[in-house]
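Residue strings, one per chain:
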Amino acid sequence: MMHQLFRLVLGQKDLSRAGDLFSLDDSEIEDSLTEALEQIKIISSSSDYQTNNNDQAVVEICITRITTAIRETGSIEKHAKSLVGLWDSCLEHNLRALGKDEDTPYSKIASDITSCILQNYNQPPVMALAVPIAVKFLHRGNKDLCKNMSNYLSLASITKADLLADHTEVIVKSILQGI
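Quick caveat, the model's predicted, so the values are computed rather than measured.

Focus: the pattern of salt bridges
And step 1. Per the stated rule, a full pass over the model turns up five salt bridges.
And step 2. One salt bridge in this structure joins Asp 55 and Lys 13, with 3.7 Å as the shortest N-O distance. Here Asp 55, found in helix α5 (residues 53–73), pairs with Lys 13, found in the loop between α1 (4–11) and α2 (15–18); they are 42 residues apart in sequence, far enough to count as distant.
And step 3. Owing to a relative accessible area of 4%, Asp 55 belongs among the buried residues under this scheme.
And step 4. Given the relative accessible area of 31%, Lys 13 is considered partly exposed.
And step 5. Among the salt bridges present, the one from Glu 30 reaches Lys 78, with a minimum N-O distance of 3.2 Å. On the criterion of sequence distance, the pair formed by Glu 30 in the loop between α3 (26–29) and α4 (33–44) and Lys 78 in helix α6 (residues 76–89) is long-range, its members being 48 residues apart.
And step 6. Since its relative accessible area comes to 12%, Glu 30 is described here as buried.

Structure (structure tokens):
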């Protein structure tokens, strides 16, 4: 069951209480993270998310808190499916920068999640979920995301090259296009 503070912040999109999530111990909220990620996916999929600054701020704060708790508790395998699901949902939206140095709300979500997932390149179960999604980001028009993806994919290839084998063509095209 989701921690009551997550339920309040995400259920009511209460920005004024979102910072309070950082006062909780990681272990206190660890069991809530998968459900919180699912709620974030619902919020970020709403038709007005791209223009709703409050919802975007709530989501950004919650993602930061969730990814911190996942790192600190070492629970990436437990939450990988939901984290990758939210990451994948970003691909359904525009990821190209809106203006000079202005990321879209979805590229911000993707960027915040990328390192949390892909820094676990030495964990095959996590990479099995992540690599097929990571390669999709290579051709989505966001140079920063693409650069980060390329760096992490190269690390993944060191420990589990066979996971990248099915995606060789996409990766090579990305390299040839200078992305």
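What about the environment of Met 2?
And step 1. Along the chain, the position of Met 2 falls in the segment before α1.
And step 2. Judged by its relative accessible area of 7%, Met 2 is buried.
And step 3. Along the sequence, Met 2 and Asp 31 sit 29 residues apart, while their C-alpha atoms lie 7.2 Å from each other.
And step 4. Non-local contacts of Met 2, meaning those with residues more than four positions away in its chain, are made with Arg 7, Leu 10, Ser 32, Glu 35 and Ala 36.

Description of helix α9 (residues 143–160)
And step 1. Between its first and last C-alpha atoms α9 spans 25 Å; for 18 residues at 1.5 Å apiece the expected length is 26 Å, and the two agree.
And step 2. Of all the positions in α9, only Leu 145, Cys 146, Met 149, Tyr 152, Leu 153 and Ala 156 are classed as buried. Here the buried residues of α9 occupy an arc of 135° about the axis, which is enough to place them on one side. For α9, the exposed residues lying more than 90 degrees away from the buried face are Lys 143, Asp 144, Lys 147 and Ile 158.

Some points on the side chain of Asp 14
And step 1. Here Asp 14 shows up in the loop between α1 and α2.
And step 2. Here Asp 14 is buried and forms no salt bridge, its nearest opposite-charge partner Arg 17 lying at an N-O distance of 5.5 Å.
And step 3. Aside from chain neighbours lying at most four places away, what touches Asp 14 is Leu 8, Val 9 and Val 58.

Focus on the packing of aromatic side chains
The description of two aromatic rings rests on the distance between their centres and on the angle between their planes.
And step 1. Scanning the model with the defined rule gives two aromatic pairs in all.
And step 2. Each ring, one from Tyr 49 and one from Tyr 106, has its centre 5.5 Å from the other, and the planes form 55°; the classification is tilted. Pair noted here: Tyr 49 is in the loop between α4 and α5 and Tyr 106 is in helix α7 (residues 105–118), with a separation of 57 residues, a long-range link.
And step 3. A residue is classified by how much of its surface remains accessible, and Tyr 49, at 1% relative accessible area, is buried.

Reading the values: the criteria
Residues numbered from 1 in each chain as written. Predicted model: local features only at pLDDT ≥ 70, side-chain atom pairs only at ≥ 80, totals over all residues. Heavy atoms only, no water. Salt bridge = Lys/Arg side-chain N within 4 Å of Asp/Glu carboxyl O. Helix = DSSP H or I, 4+ residues; strand = E, 2+ residues; numbered from the N terminus. Buried < 20%, exposed > 50% of the residue type's maximum accessible area, 1.4 Å probe, protein only. Contact = heavy atoms within 4.5 Å. Expected span 1.5 Å × (residues − 1). Arc of directions from axis to C-beta. Lys, Arg positive; Asp, Glu negative; His and termini not counted. Phe/Tyr/Trp six-rings, centres within 6.5 Å; stacked < 30°, edge-to-face > 60°.

Shape is all these values report; function is a separate question.
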